[in-house]
Every structure is written in structure tokens, then in C-alpha cells.
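Letter by letter, the chains look like this.
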Amino acid sequence: FFSGHQRIFWNLLFTTGLWGSTRRIEPSEHTITIVSPWMTDITSEGSGWPEELANQACRSSGDMGSLRMVLRALIQMGFNVRIVVMDRNGKWLNKSENRMLKNEADFIEQMSAYGATCERRKDMHFKWLCTPAGLWKGSSNSTANGLFGRLQEQNDLFIVGSHDADYQQQKEALYLSALDVT
């Protein structure tokens, strides 16, 4: 697919919360991994999930307006959240773009404080989101530009329940890759 990246991204996260809330998945399956060379605290506006349903899915009565808040709610539900980004030294930036690095560093620091496992890798180009509801991989970074602006980037989606064999195969391949993000 070539559009709707943010809706796919948010749907996987909110569906995962819903499945956790309704016990469709076992606590042993409560793992979310986000791998992206670039990552920032993006808005959930335009997710396609009304605020009330997003709050119910993630057992939250608070603000669910950003990635940070959604992941925090999922962590509070008992999900293990793992975030892997590319090391700062591997990013080729002009001096004027240091703000992007600060935004990412602030996001990673906040997520670590909430209990997420946050890691940095050198020379990483993988981009994927793996949840108990599905796996999404491709060319879109987990940033506003990657999810909202660069809709020409190609991504693949494997949904549990309709692509079970492909989901498991892709998940195993990613987890056993040279990146070793297990």
C-alpha cells in the first residue's frame, strides 16, 4: 500500500491495547517492538480511532494524543515496549537539523522513564512495528514526516488472523536478523 501509514501504525497499537484489555491475547504476548532509525513523539490525531475508543482500548482516562502517551498507557497495562533507534552518530544532519536529534532524545528519555526498553544501533536502516495484532515493515520512519508526509514509501502489513503464517515468518526473520533486535 502507498497511503494511510499513520492509520496502520495507530491501528496496530490501539488494536493491541484492545486485545490486551479484552484478554484476547495472553500476558506472555504483551510485547511491542518499534524499530526506526528516526523516532519522535508523533500525534495520534488522524488515527481513525475516536478518543473514547482509544482510551477504552488502552484502559486510560488520560490524554491519548501522542505516541508517548499511548505507549505509556500500554506499559501501564503490562506491555513490554521496546524501542530501537539509530545511533546519533549514524545520522547525517546539517547543523540546523539538530532540533530533530533533540526531539528524538527527549522522546527516548521519556519512554525510558516510563519503563520502555530503549536501545540505539549503528548503521541501522530497518523500520518496523511488531505487535501481537500484526507486523508492519517498510520504508516509513516513526516520525511525523514518515507517517504523514512520505506516502510514496512502500510498506508491508501482516495482520494476525488473516496473515498468520506470513506474520510468524516475517516476525522470525526480523528477530533473527543481523540487527538482533530480540
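What counts as what
Residues numbered from 1 in each chain as written. Predicted model: local features only at pLDDT ≥ 70, side-chain atom pairs only at ≥ 80, totals over all residues. Heavy atoms only, no water. Axes fitted to C-alpha atoms, helices over the stretch in contact; angles between N-to-C directions. Helix = DSSP H or I, 4+ residues; strand = E, 2+ residues; numbered from the N terminus. Parallel < 35°, antiparallel > 145°, perpendicular 65-115°, else oblique. Left-handed = near helix turned anticlockwise from the far one by under 90°. Contact = heavy atoms within 4.5 Å. Nonpolar A, V, L, I, M, F, W, Y, C, P; charged D, E, K, R; others polar. Buried < 20%, exposed > 50% of the residue type's maximum accessible area, 1.4 Å probe, protein only. Pairing = 2+ DSSP bridges. pLDDT = per-residue confidence, 0-100. Phe/Tyr/Trp six-rings, centres within 6.5 Å; stacked < 30°, edge-to-face > 60°. Lys NZ or Arg CZ within 6 Å of the ring centre and 35° of its normal.

## A word on the packing of helix H1 (residues 5–21) against helix H3 (residues 67–76)
Orientation of H1 relative to H3, taken along the N-to-C sense of each, is 25°, at an axis distance of 10 Å. Here H1 is positioned roughly parallel relative to H3, judged by the angle of their axes. Every pair of crossing elements has a handedness; the one defined by H1 and H3 is left-handed. In contact with Phe9, Trp10, Leu13, Phe14 and Gly17 of H1, H3 contributes Leu67, Val70, Leu71 and Leu74. Taken together, the residues of the contact of H1 with H3 sort by class into eight nonpolar, one polar and no charged.

## Regarding the pairing of strand S1 (residues 31–35)
Burial runs high along S1: four of the five residues are buried. In this sheet, strand S2 (residues 80–86) lies alongside S1 in parallel orientation, the contact comprising five bridges. Within the sheet, the bridge partner assigned to Val35 lies in S2 and is Val84. The pairing of S1 with strand S4 (residues 128–131) spans three bridges and is antiparallel. Pairing of Ile34 across the sheet is with Leu129, part of S4.

## Thoughts on the confidence of the model for the chain
Here the chain shows a mean pLDDT of 77. Residues at 70 or above account for 68%. Mean pLDDT across the secondary structure elements of the chain bottoms out at helix H5 (residues 144–149), with 51, and peaks at H3, with 95.

## What to know about the environment of Thr31
Looking at the element boundaries, Thr31 is found in strand S1. Beyond its immediate sequence surroundings of up to four residues, Thr31 is in contact with Phe79, Asn80, Cys130, Thr131 and Pro132.

## Things to note about the packing of aromatic side chains
Using the criterion set out here, one finds four aromatic pairs in the structure. Pairing Phe9 with Trp136 gives two aromatic rings, centres 6.0 Å apart and planes at 70°, and the pair type is edge-to-face. Within this pair, whereas Phe9 is found in helix H1, its partner Trp136 is found in strand S5 (residues 134–138), the two being separated by 127 residues in sequence. Given the relative accessible area of 0%, Phe9 is considered buried. Seen from their ring centres, Phe14 and Trp49 are 5.3 Å apart, and the 45° between their planes marks the pair as tilted. Here Phe14 is found in helix H1, whereas its partner Trp49 is found in the loop between S1 and helix H2 (51–57), with 35 residues between them in sequence. Of the residues examined, Phe14 reaches a relative accessible area of 1% and is grouped as buried. Taking the ring centre of Trp19 as reference, the NZ or CZ of Arg24 above it sits at 3.8 Å.

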